[in-house]
Amino acid sequence: MFVQTWNKYLPVLRILLKRSVNEEQTLTMNSSDFQRAAGGRKIKFSFSIAVHKGRLQIIDNPSVIAKEFVSILQQDQIINQFIRQHDIEFSLSNNLQLQIRNITPPVETPVNEPDDAAKEE
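Residues numbered from 1 in each chain as written. Predicted model: local features only at pLDDT ≥ 70, side-chain atom pairs only at ≥ 80, totals over all residues. Heavy atoms only, no water.

A.B. asks: Go over the pattern of salt bridges with me, naming the residues and quoting the values.
C.D. replies: Oppositely charged side chains can form a pair if their charged atoms are brought close together. If you walk through the whole model with that rule in mind, you get 5 salt bridges. With a closest N to O distance of 2.7 Å, D33 and K8 form a salt bridge. Pair noted here: D33 is in helix α2 (residues 31-38) and K8 is in helix α1 (residues 3-19), with a separation of 25 residues, a long-range link. The closest approach of N and O atoms between R101 and E24, which form a salt bridge, is 2.7 Å. Separated by 77 residues along the polypeptide, R101 in strand β5 (residues 97-102) and E24 in the loop between α1 and β1 (25-28) bring together distant segments of the chain. Residue R101 is classed as partly exposed on the basis of its relative accessible area of 28%. With a relative accessible area of 38%, E24 lands in the partly exposed category. (Salt bridge = Lys/Arg side-chain N within 4 Å of Asp/Glu carboxyl O. Helix = DSSP H or I, 4+ residues; strand = E, 2+ residues; numbered from the N terminus. Buried < 20%, exposed > 50% of the residue type's maximum accessible area, 1.4 Å probe, protein only.)

In structure tokens:
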């Protein structure tokens, strides 16, 4: 139902996902696109989901719009590579603002301490 609509936003989503590494990103989308895709049916557009290493985290009965969103992300080669390496939260509000938050824990790099033998030299 919303596949074509989500496909329209894929190029922007690619950019925003890459930028989400540094800070939360927001995309305001055109409501007429989604209303037209819904075909006049009353549908709740809002959702909040988490994608962990490329997989939708188990939530109680995700909406059609959320399922199709994750499906489109997984089908896009560039986005799929990115979401397999990161933990991302997506929230869509009723006024069609998509918030993208990268929740990947920072990778701790071990600090190399000098050997005692190196100190004596």
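That shown, we press on.
A.B. asks: Report on the sheet that holds β5, specifying residues and quantitative values.
C.D. replies: The strand order across the open sheet formed by 5 strands is β1-β5-β4-β2-β3, and the pairing between neighbours is antiparallel. Each having just a single partner strand, β1 and β3 (55-56) make up the two edges of the open sheet. Bridge count between strand β2 (residues 47-52) and β3: 2 bridges; the pairing is antiparallel. Bridging from a neighbouring strand, V51 pairs with L56 of β3. In the packing of helix α3 (residues 64-75) onto the sheet, the strands contacted are β2, β3, β4 (87-92) and β5, and the crossing angle to β2 comes to about 30°. (Pairing = 2+ DSSP bridges. Contact = heavy atoms within 4.5 Å. Axes fitted to C-alpha atoms, helices over the stretch in contact; angles between N-to-C directions.)

The analysis is restricted to geometry; functional conclusions fall outside its scope.
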